[in-house]
Amino acid sequence: MDQTTEDPRSGWCHWHKGPSGTAVLVQVIEQNSGPGAALYACAPCREQRRLTPLAEQPDEVAYRAYLGHTAECTGCGRAGRCEDGARLWEAYRGALAALPA
Ligand SMILES: [Zn+2]
Ligand SMILES: [Zn+2]
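**Student:** Quick rundown of the overall build of the protein? Include the residues and the values.
**Tutor:** Along its length, the protein carries three helices and four strands. Within the protein, the fraction of its 101 residues that count as buried is 11%. The long-range fraction of contacts in the protein, counting pairs at least 24 apart against all pairs at least 6 apart in sequence, stands at 39%.

**Student:** So what about the packing of helix H2 (residues 58-72) against helix H3 (residues 83-97)? Which residues, and what values?
**Tutor:** The relative placement of two packed helices is expressed as an angle between their axes plus a distance between the axes. Remark: H2 packs on H3, axes separated minimally by 8 Å, with the N-to-C direction vectors making an angle of 160 degrees. One element, H2, and the other, H3, form an angle in the roughly antiparallel class. Relative to H3, the crossing made by H2 is left-handed. Mapping the contact onto sequence places Pro58, Asp59, Ala62, Tyr63, Ala65, Tyr66, His69 and Thr70 in H2 and Asp84, Gly85, Leu88, Trp89, Ala91, Tyr92, Ala95 and Leu96 in H3.

**Student:** Can you lay out the environment of Thr22 for me, pointing to particular residues and giving the numbers?
**Tutor:** Mapped onto the elements of the fold, Thr22 is located in the loop between strand E2 (18-19) and strand E3 (24-29). You can call Thr22 partly exposed: it has 14 C-beta atoms within 10 Å. Leaving out residues up to four positions away in the same chain, Thr22 has contacts with Cys42 and Ala43.

**Student:** Requested: an account of the nonpolar core, with residues and values cited.
**Tutor:** Listed in full, the seven residues of the largest apolar core are Cys13, Ala23, Val26, Tyr40, Ala41, Cys42 and Cys45. Beyond its immediate sequence surroundings of up to four residues, Ala41 is in contact with Cys13, His14, Trp15, Ala23, Val24, Val26, Arg46 and Leu51.

**Student:** Can you break down unusual backbone geometry residue by residue, with the values?
**Tutor:** One non-glycine residue, Lys17, lies in positive phi territory at about 50 degrees. Considering the arrangement of structural elements, one finds Lys17 in the loop between strand E1 (12-13) and E2. Although it is not a glycine, Arg50 adopts a positive phi angle of roughly 55 degrees. If you trace the backbone, Arg50 turns up in the loop between helix H1 (43-49) and H2.

**Student:** I'd like a rundown of the environment of Tyr40, residues and numbers included.
**Tutor:** Take Tyr40: it is sitting in strand E4 (residues 37-41). Spatially, the C-alpha atom of Tyr40 lies 9.3 Å from that of Thr22, the residues being 18 residues apart in sequence.

**Student:** Account for the confidence of the model for the protein, naming residues and giving values.
**Tutor:** Taken over all residues, the pLDDT of the protein has a mean of 87, while the share at 70 or more is 89%. Taking the mean pLDDT of every element in the protein, the minimum, 89, falls on E3 and the maximum, 96, on H1.

**Student:** Lay out the environment of Val26 with the relevant residues and their values.
**Tutor:** Within the secondary structure, Val26 sits in strand E3. Here Val26 falls in the buried class, since 23 other C-beta atoms lie within 10 Å of it. In sequence terms Val26 and Ala41 are 15 residues apart; their C-alpha atoms lie 6.4 Å from each other. Once you skip the residues sitting within four places of it in the chain, Val26 turns out to touch Leu39, Tyr40, Ala41, Arg46, Leu51, Thr52, Pro53 and Leu54.

What counts and how
- Residues numbered from 1 in each chain as written.
- Chains lettered and ligands numbered in written order.
- Predicted model: local features only at pLDDT ≥ 70, side-chain atom pairs only at ≥ 80, totals over all residues.
- Helix = DSSP H or I, 4+ residues; strand = E, 2+ residues; numbered from the N terminus.
- Buried ≥ 20, exposed ≤ 12 C-beta atoms within 10 Å, placed from the backbone.
- Contact = placed C-beta atoms within 7 Å.
- Axes fitted to C-alpha atoms, helices over the stretch in contact; angles between N-to-C directions.
- Parallel < 35°, antiparallel > 145°, perpendicular 65-115°, else oblique.
- Left-handed = near helix turned anticlockwise from the far one by under 90°.
- Core = buried A, V, L, I, M, F, W, Y, C linked by C-beta atoms within 7 Å.
- pLDDT = per-residue confidence, 0-100.

Right under this line is the structure:
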């Protein structure tokens, strides 16, 4: 078996509602109950609708930076956050607040 790094859920574009080899996760719709609905868009649709892959959105980038820091930082933990951790957290909160509602 060949190893594949492809997300098994990708391959479908929710914008043109058809299969696509370039579809990536662009939006997760939060729901009150159960897991949120994930929406995928292919490259042409992303270009046309100016969609940004979720992995490249500022809040997502900031959140991963924060997670990456806390994973290695001994000053961040249950007791609280170190200065760097707090700054990364604020950056994440700021990116979230800047998102269109
Ligand atoms: Zn599409
Ligand atoms: Zn820290």
